[in-house]
Amino acid sequence: MRTTLFKTASKIIMLTLIAFIAISVFVDFKAGMYFVGGSEGKRSEEQRENNQLSANNKVHVSNQSNTGTQISTTNTNNQTALSNQTNGASTSTVNNGFEFLRNTSINPLTGLPSAGDIAKNRPVAISISNQRDALPTNATNGISEADIVYEFLVEGGGTRFIGIFQDFTNVGVVGSIRSARHYMVEIIEAYDALFIHAGGSPLGFEEIDNRGITAFDAVRGRRAQIFNRDVNRIPGHTVLNYHGQTTSGALFSKHLPTYDIRLTHSDRFIQALFFSDNPIPSGKSAQSVTARFSAAKSSIFSYDSTKNLYFMSQYGSQFKDANNNAPVAFTNLLILETPVSDLVGHGEGAGRQDMSTVGRGTGYFVSAGKYININWFRADKASQYIYADENGNIIDLGRGKTYIAIVPEGANTVIN
């Protein structure tokens, strides 16, 4: 009898100890996770108070031959390791090294004060035309109001924009809206953004559908009430009517409540952008910058020290927003080099492009009249870009709008 009771008691004690250990390990594991883009994590209340990386929480990058790049923070309280492998770009996370502090009165895409509580809102990303032979009839509207503007190569050596708006409510007409490409979708996912486009390439549609992107598509009729077709944009053309699609903050806001979609980020989401008043303490002079995409397309930026902005020119003249004739200008320029090639197969049209948005590469960061060489890292399609200087420190952006060029490797960026 005693033996039986003893065995029973021993089993109960052992099971209790195992359960306690398991719970402890799980809690420690969850406490060590963090969220960048599509990853899950746990943050302290202090880390929710602002959207910046603390000044002393920098990241060190050391290059390891044939194994990839190890990124680890030097903050004594929080340690992070991101292991970007050249093959597969896997990410290993060891504790929350980024002190992302959330402040809902700050725009997380610009680091500037906002009129209201917008930090938790999912931003709006829009595919916008930059087709030379359609300008000025098919003039670009709304680009000056975007917080972040990406420019990518498309077929024929031309480019297309993705404008990202943290608060789309009061934005005027935006367009013309163009089709999606798969590499655009890969980047949009990391922002947890609502994606507005007019059709897409086969791989673009595949990425949207397979990766669960919340899409508004003027061609396939997905939530099409937000679109307005401007028949005057391409006079005499009926086949190209979809090139005349536009939207606006008012139209979008009117119909958005009628759709059953998530409008705010999960509490686990944190935007991986960091800002400061002095983003490049020491660097080389950058009074003009030319980002070359192809023999047919370059984007040129001229620095105005009185406004601390880079004004954009293309196709031989200053780039202006057709809404208000406002010059398009940015506080920050990021020129990111990546492998680019013609896309073969997949039912794609001739000349469509493929490019790597995941892994690692080199580039330039330009702000406040100076520039530095940088390395970029991206673990997977759900992760955000990480930018580090040549000493391995994660960079701070200047407070304001950012332009990001995805250019082919060896594109011969010119900075004077």
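Residues numbered from 1 in each chain as written. Predicted model: local features only at pLDDT ≥ 70, side-chain atom pairs only at ≥ 80, totals over all residues. Heavy atoms only, no water.

Topic: the overall build of the protein
The helix and strand tally for the protein stands at four helices and 27 strands. Scored against the burial criterion, the 416 residues of the protein give a buried share of 52%. Of the roughly 18400 Å² of accessible surface on the protein, 52% is carried by carbon and sulfur atoms. (Helix = DSSP H or I, 4+ residues; strand = E, 2+ residues; numbered from the N terminus. Buried < 20%, exposed > 50% of the residue type's maximum accessible area, 1.4 Å probe, protein only. Areas by Shrake-Rupley, 256 points an atom, 1.4 Å probe, with all protein chains shown as cover.)

Some points on helix H2 (residues 182–190)
For H2, the buried fraction is high: nine of the nine residues fall into the buried class. Asp192, located one to two residues past H2, shows a positive phi value of around 55 degrees.

Some remarks on the sheet that holds strand E10 (residues 228–229)
In space, the three strands of this open sheet follow the order E7-E11-E10, with antiparallel pairing throughout. At either margin of the open sheet sits one strand with a lone partner, and together these are strand E7 (173–175) and E10. Here E10 runs beside strand E11 (residues 245–248); their pairing, made up of two bridges, is antiparallel. Bridging across to E11, Asn228 finds its partner in Thr246. (Pairing = 2+ DSSP bridges.)

Here's the deal with empty space enclosed by the protein
Using the criterion set out here, one finds four cavities of 30 Å³ or more in the structure. Empty space within the second largest cavity amounts to approximately 80 Å³. Looking at the second largest cavity, it is lined by 13 residues, and the ones nearest its centre are Tyr150, Tyr191, Gln384, Tyr385 and Tyr387. Taken together, the residues that form the lining of the second largest cavity break down as nine nonpolar, three polar and one charged. (1 Å grid on protein atoms, 1.4 Å probe; cavity = no way out; pocket = protein on both sides within 12 Å on 5 of 7 lines; lining within 4 Å. Points joined across faces, edges and corners; volume = space filled by probe spheres on them. Nonpolar A, V, L, I, M, F, W, Y, C, P; charged D, E, K, R; others polar.)

What about the pairing of strand E24 (residues 386–389)?
On E24, burial covers both faces: Ile386 and Ala388 on one face and Tyr387 and Asp389 on the other are all buried. Where strand E23 (residues 370–378) meets E24, four bridges bridge the pair, whose relative direction is antiparallel. Across the sheet, Asn375 pairs through a bridge with Ala388, a residue of E24.

Here's the deal with unusual backbone geometry
Residues other than glycine predominantly adopt negative phi, and peptide bonds predominantly adopt the trans conformation. Of note, the amide linkage connecting Gly175 to Ser176 takes the cis form, showing an omega dihedral of 0 degrees. Mapped onto the fold, Ser176 is located in the loop between E7 and H2. The backbone phi angle of Asp192 is positive, close to 55 degrees, even though this residue is not glycine. Note on Asp192: relative accessible area 13%, which makes it buried. Residue Arg223 is not a glycine yet carries a positive backbone phi of 55 degrees. Turning to its location among the elements, Arg223 is positioned in the loop between strand E9 (215–217) and E10.

Observations concerning the packing of aromatic side chains
Considering all chains together, one arrives at 15 aromatic pairs under this definition. Between the aromatic rings of Phe216 and Tyr259, the centroid separation amounts to 5.9 Å while the plane-to-plane angle is 65 degrees, which identifies the pairing as edge-to-face. Of this pair, Phe216 sits in strand E9 while Tyr259 sits in the loop between helix H4 (249–255) and strand E12 (275–276); the two residues are 43 residues apart in sequence, bridging distant segments of the chain. Per residue, the accessibility class of Phe216 equals that of Tyr259, and both read buried. Taking the centre distance of 5.9 Å and the plane angle of 10 degrees together, the rings of Tyr385 and Tyr387 count as stacked. These aromatic residues form a ring-pair network of at least three members: Phe165, Phe168, Phe216, Phe252 and Tyr259. The ring of Phe216 has Arg223 lying over it, and the distance from NZ or CZ to the ring centre is 5.5 Å. Its guanidinium or amino end placed over the ring of Tyr385, Arg378 lies 5.3 Å from that ring's centre, counting from NZ or CZ. (Phe/Tyr/Trp six-rings, centres within 6.5 Å; stacked < 30°, edge-to-face > 60°. Lys NZ or Arg CZ within 6 Å of the ring centre and 35° of its normal.)

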